[in-house]
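What follows is each chain in one-letter form.
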Amino acid sequence: MSAPTKMLSVENLNLSFGGIKAVDQVSFHIFENELLGLIGPNGAGKTTVFNMISGFYRADSGTIKLREDVINEYSPDKVNKAGIARTFQNIRLFGELTVVENVLLAMQQTETLGWIESLFRTKSYRDKEKALYDRSVELLKIFSLDHLAEEFSRNLPYGLQRKLEIVRALATKPKLLILDEPAAGMNHQETEDLKKLIHFVKQKFNLTVLLIEHDMKLIMSICERIVVLNRGIKIAEGLPSEIKANTSVIEAYLGKRS
Amino acid sequence: MNFVAKNKLLFFFISFVAVGVICQFALNSYIQALVVSFMINAIMALSLNFITGVANQFSLGQAGFMALGAYTSAVLTKVFLADQWYFIPLTALAGAVVATVAGYLVALPSFKLRGDYLAIVTMGFAEIVRVLFLNWNFVGGPRGYNGVVKWPEFLISYGFTGLALFLTFMVLYHLKISWFGRNLWALNEDEIAAEVMGTPIAKNKRFAFLFSAFFAGLGGALYGHHLGYFSPASFGFLMSVQILIFAVLGGLGSMSGSILAAGILTALPEILRSLPTGGLDIRMIVFPILLILLMILRPQGLLGRKELF
């Protein structure tokens, strides 16, 4: 087997807010089809790194590469078009849109729909809309959400909203999926379901996944490799078993033994 | 997928013609003028509803776009086209285009602003336009623009204004239910999420502004030719607010709601005016109370986001 190619590489990333170095010389990479976990105590800079990857913050220095493209300067919508989709820690669905419309909205960004044809609602335009609608429902069907297609997404229970957010991210046809604390606020059973869902999504859509999470159990059980941040610095990187035994990680989470 | 079906169009057309004929032969010129006013108000309400209701970009500058449309069309007919009424459709379009250009200029710096801040910028824009015309003697300055060419007949005025309203409605309604409208709904609800889904939000806001400004300019041009006189004071802050009231009452996001509300709010003051109150003008007391009651009982507006059909 040849060496696996890197899907995303982050090199020497720096970002300061005023006098505070939120992210300090962070480098890591994700191989294709890998499931990488990014962990760290509160305030470690996980979300900041995340926001730089998805285009909301500009790095002071360093590069972020998706395969060969440098995406540092991309705006969030361009980052998405380049092939990175994300979900949010606090769910951000379009509550006043229906479930299927949420997916449709994401899916239509990958299509070119014209102005004139939509103004006149030509036959071909209506056909395109119909096709998009059908494809959205099909995607929902894979996750058995299709019976809720016409429901307003704000009416969905919490677990299903999380699921829908992942489906919506998938509708943009990403190569890399970033999940920001998907298990936040979930009970044990829901977390188990989420674990299966992440595995399923990764296999089915041939994805690379970056997982940011607090739930250690979840991280340790599904991630292939883990990167640990603390106070903006990468303190460890390795297999789950290595991370568990790493003294600096234990110190970061639990403090030094006196 | 709903779209305006052919038989509905036919129904609207027949009732439109019927109303026109009734107004022409059975009603006096006061009612006739009121009907045209209603249609102009509806155009203005629609133009604002698109930008504020669908795209959630709070604009208090519709009067500015309106003024640009009105002055452009009036000057063009007077200076270049020898006050011939049959050029009005053309000059009205020119007025709309000028307003669109202004809309682009307003949208350029505005795409990073939200809510109240955007409202202040658009309000400032409308004030700039007003003061500009106030100081321009060629168009009458503060005395206003006199002798703007009017439509010769009620039915002609009715027909063209109706056509303009129809165009406005069809374009904005079709945009609302299309991919573009869906993009706007998304950024209406959550800009960050919309952006992450790959929606180019700055571009979408800009286009929403262009459409809104175009139809506001069109409405303004028709307003000028309907009344035959206007002054910078006609396009003050109150005008923007009045348009906002139409859109909010009808339901932000509901295109047919805007037309309905424009109808109600054009007729209501006139109905109240004719009430026997023993010489007391209670109109300005009753009208606001009715509005307050409506907003308490139905804060989402008459139709919310839904359409009548």
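Residues numbered from 1 in each chain as written. Chains lettered and ligands numbered in written order. Predicted model: local features only at pLDDT ≥ 70, side-chain atom pairs only at ≥ 80, totals over all residues. Heavy atoms only, no water.

## Remarks on the overall build of chain A
Regarding its fold elements, chain A presents ten helices and ten strands. Dimensions of chain A along its principal axes, counting C-alpha atoms only, are 70 × 45 × 40 Å. Taking all 258 residues of chain A together, the buried fraction comes to 50%. Taking all contacts inside chain A whose residues are at least 6 apart in sequence as the whole, residues at least 24 apart take part in 68%. In the form shown here, chain A has an accessible surface area of approximately 11800 Å², with 53% of it arising from carbon and sulfur atoms. Counting 34 positive and 32 negative side-chain charges, chain A places the averaged centre of each group 1 Å from the other. (Helix = DSSP H or I, 4+ residues; strand = E, 2+ residues; numbered from the N terminus. Buried < 20%, exposed > 50% of the residue type's maximum accessible area, 1.4 Å probe, protein only. Contact = heavy atoms within 4.5 Å. Areas by Shrake-Rupley, 256 points an atom, 1.4 Å probe, with all protein chains shown as cover. Lys, Arg positive; Asp, Glu negative; His and termini not counted. Charge placed at Lys NZ, Arg CZ, Asp CG, Glu CD.)

## Things to note about the sheet that holds strand β5 (residues 69–70) of chain A
Residue and element names in this part refer to chain A. Strand order in the open sheet formed by four strands is β2-β1-β4-β5, with antiparallel pairing between adjacent strands. Either end of the sheet is taken by a strand with one partner, and the two such strands are β2 (20–31) and β5. Pairing between strand β4 (residues 61–66) and β5: two bridges, direction antiparallel. Paired with Leu 66 across the strands is Asp 69, a residue of β5. (Pairing = 2+ DSSP bridges.)

## Side note on the interface of chain A and chain B
Each partner contributes to the interface: chain A provides 32 residues, whereas chain B provides 28 residues. The junction of chain A with chain B conceals about 2900 Å² of combined surface from both sides, 65% of it contributed by carbon and sulfur atoms. Contact with chain B buries surface across chain A, with Trp 115, Leu 119 and Arg 121 of chain A losing the most and accounting together for 24% of the total. The tally of links between chain A and chain B comes to two salt bridges. Across the pair Arg 182 of chain B and Glu 129 of chain A runs a salt bridge whose closest N-O atoms are separated by 2.9 Å. Connecting chain A to chain B are 15 residue pairs in polar contact (both at pLDDT 80 or more). Contributing elements (two or more residues each) for the side of chain A that touches chain B: α2 (76–82), α3 (99–108), α4 (115–120) and α5 (123–142) of chain A. In terms of residue count, the dominant contributor to the side of chain A that touches chain B is α3 of chain A (five residues). (Buried area = accessible area lost by both parts, 1.4 Å probe. Salt bridge = Lys/Arg side-chain N within 4 Å of Asp/Glu carboxyl O. Polar contact = N/O pair within 3.5 Å; in protein donor to acceptor, adjacent residues only side chain to side chain.)

## Comments concerning the nonpolar core
Counting residues in each nonpolar core, the largest one holds 132 residues, and the members touching the most others are Leu 140 and Leu 177 of chain A together with Phe 50, Phe 230 and Phe 235 of chain B. Considering each element in turn, this core owes the most residues, twelve residues, to helix α2 (residues 29–54) of chain B. Two domains each provide a minimum of three residues to this core, namely domain 1 (1–83 + 174–258) and domain 2 (93–171) of chain A. Non-local contacts of Phe 50 of chain B, meaning those with residues more than four positions away in its chain, are made with Ala 55, Leu 172, Leu 175, Lys 176, Phe 180, Leu 184, Ala 208, Phe 211 and Met 255 of chain B. Core analysis: the second largest hydrophobic core is formed by 29 residues, Leu 36, Leu 38, Leu 66 and Leu 176 of chain A among them. (Core = buried A, V, L, I, M, F, W, Y, C linked by side-chain atoms within 4.5 Å. Domains from an automatic or database assignment.)

## Comments concerning helix α1 (residues 46–53) of chain A
Residues and elements named next belong to chain A. Buried residues dominate α1, accounting for seven of its eight residues. All of the buried residues in α1 are Lys 46, Thr 48, Val 49, Phe 50, Asn 51, Met 52 and Ile 53. One or two steps after α1, the chain reaches Gly 55, where phi turns positive at roughly 95°.

## Comments concerning the domain arrangement of chain A
All names here are of chain A. Each assigned domain of chain A is listed here: domain 1 (1–83 + 174–258) and domain 2 (93–171). In this structure, domain 1 and domain 2 have C-alpha centres spaced 28 Å apart. Taken together, the contact between domain 1 and domain 2 spans 17 residues of the former and eleven residues of the latter. When domain 1 packs against domain 2, close to 1100 Å² is buried across both sides, 79% of that on carbon and sulfur atoms. For domain 1, the biggest contributors to the area lost against domain 2 are Pro 174, Leu 197 and Phe 205; these three give 33% of the whole. Counting across the interface, domain 1 meets domain 2 through zero salt bridges. Along the contact surface separating domain 1 from domain 2 lie two residue pairs in polar contact (both at pLDDT 80 or more). Contributions of two or more residues to the side of domain 1 that touches domain 2 are made by β7 (176–180) and α7 (188–204). Tallying contributions element by element places α7 first for the side of domain 1 that touches domain 2, with six residues. Of the residues that constitute the side of domain 1 that touches domain 2, the class distribution is twelve nonpolar, one polar and four charged. (Nonpolar A, V, L, I, M, F, W, Y, C, P; charged D, E, K, R; others polar.)

## Concerning the sheet that holds strand β9 (residues 225–230) of chain A
Residues and elements named next belong to chain A. An order of β6-β7-β8-β3-β9-β10 is seen for the six strands of this open sheet, with the pairing classed as mixed. This sheet does not close on itself; its edge strands, each paired only once, are β6 (84–86) and β10 (233–238). Going from strand to strand, the sheet's axes swing by 20° on average, the running direction of each strand aside. Bridge count between β7 and strand β8 (residues 208–212): five bridges; the pairing is parallel. Bridged to Leu 179 within β8 is Leu 211. (Axes fitted to C-alpha atoms, helices over the stretch in contact; angles between N-to-C directions.)

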